[in-house]
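Close look at the chain arrangement
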Amino acid sequence: MTAEPDVVVLREGTEGLSMESYAETLREHLPDRTVALARTPAAERELVPLARVVTGITVSEELVADADRLELFACTFAGTDHVPVEALANEGVAVTNAGGIHAPGIAEQSIANMLIFARRLHEGWRRKSNAEWRHFQSHEFAGSTVTVIGLGSIGQHVVDRLAGFDVETVGVRYTPSKGGPTDEVVRFEPDAIHDALARSDYVVVACPLNDLTRGLIGDAELATLPPHAVVVNAARGGIVETDALVSALRSNGIRGAALDVTDPEPLPSDHPLWDLENCLITPHTGGHTPKHWDRLAAIVADNVAALDAGDDPASLRNLVRAPSDGS
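Residues numbered from 1 in each chain as written. Predicted model: local features only at pLDDT ≥ 70, side-chain atom pairs only at ≥ 80, totals over all residues. Heavy atoms only, no water.

**Quick notes on the sheet that holds strand β2 (residues 35-37)**
Overall, mixed pairing links the six strands, which are arranged β2-β1-β3-β4-β5-β13 in an open sheet. On the outer flanks of this sheet lie β2 and β13 (319-321), each paired with one strand and no other. In this sheet, neighbouring strand axes are inclined to one another by 25° on average, regardless of whether the strands run parallel or antiparallel. Where strand β1 (residues 7-9) lies against strand β3 (residues 53-56), three bridges are found, and the strand directions are parallel. Across the sheet, the residue bridging to Val9 is Thr55, located in β3. In this fold helix α11 (residues 292-308) packs onto β3, β4 (72-75) and β5 (94-96), with an angle of close to 165° to the strand it touches most, β4. (Pairing = 2+ DSSP bridges. Helix = DSSP H or I, 4+ residues; strand = E, 2+ residues; numbered from the N terminus. Axes fitted to C-alpha atoms, helices over the stretch in contact; angles between N-to-C directions. Contact = heavy atoms within 4.5 Å.)

**Some details on the layout of surface pockets**
Roughly 1100 Å³ of internal volume is contained in the largest pocket. Residue lining of the largest pocket: 41 residues in total, with Ala78, Gly79, Ile154, Pro208 and Arg236 positioned closest to the centre. When contributions to the lining of the largest pocket are tallied by element, the ones reaching two or more residues are α5 (103-119), α7 (153-161) and β7 (168-173). Across the lining of the largest pocket, the residue classes tally to 17 nonpolar, 18 polar and six charged. By volume, the second largest pocket amounts to about 210 Å³. In terms of residue count, helix α6 (residues 121-129) provides more of the lining of the second largest pocket than any other element does, three residues in total. Within the lining of the second largest pocket, the residues separate by chemical class into one nonpolar, three polar and five charged. (1 Å grid on protein atoms, 1.4 Å probe; cavity = no way out; pocket = protein on both sides within 12 Å on 5 of 7 lines; lining within 4 Å. Points joined across faces, edges and corners; volume = space filled by probe spheres on them. Nonpolar A, V, L, I, M, F, W, Y, C, P; charged D, E, K, R; others polar.)

Honestly, it's all geometry; don't read function into it.
Written out as structure tokens, the structure reads:
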């Protein structure tokens, strides 16, 4: 019979990264624990019921129902809408996510995009592609007002990296009373958001996609922005209304946009956004980093130590859902 593993890594990869490398990184962080990689469906059926911790994109309710030792499912995504969270909680299993591990890369890319527009580097690249040595005017980033919508891990990393650029920052969050790293914090409601947009040179969208934020930046919000403003979407495509953005970019209602996410995604090859010179597009690569697995493995290792110590599951890092009472 297979020995009971402490941690089982499921076979399905994420973002083109090898789950074998994830398992190796976990072994480095947990040298005294057994980490098993389930390479096949049969291996998953065999190993998950024996595991104390399972980590991967998602896990089926059927496998969990037979997993008497299972205490934690560590999702390798930040979002867990695809995970049977309630079913896991009802089986006495805590659920954590990968929130925050992508934030440093996303923040760096967001600032890079703002600097591209400030210095008009994309115009330089266009002229280079035409072998055209002809001067153009650039701007300065210093003195700008940057509004960051969402002050979670991504938003905070963006603001931290803006500290040396001599810009004014406005943060938008659900509970302004918590304060934040920005020069000003405003409430997540229409009047406050429009007031911030009206005086913004750059807007970084860094909030989660939910019922409140879906379509948050639409025709009315884009009309409130000054014509020289730039929108950087580093969150989810559905937060910015695509048709409204295309219209604003085509009419020079705003100066430009930098999109690491789109709606729809992937963006169809015949979509009008591809043809707009004032729209920069990257294929959801903002969070890619060679430190991906190391950061996630550190979270899982900390949580294994917490389980060993008998800590309250509510104290686990990146907790999405604690086990249900009485489980």
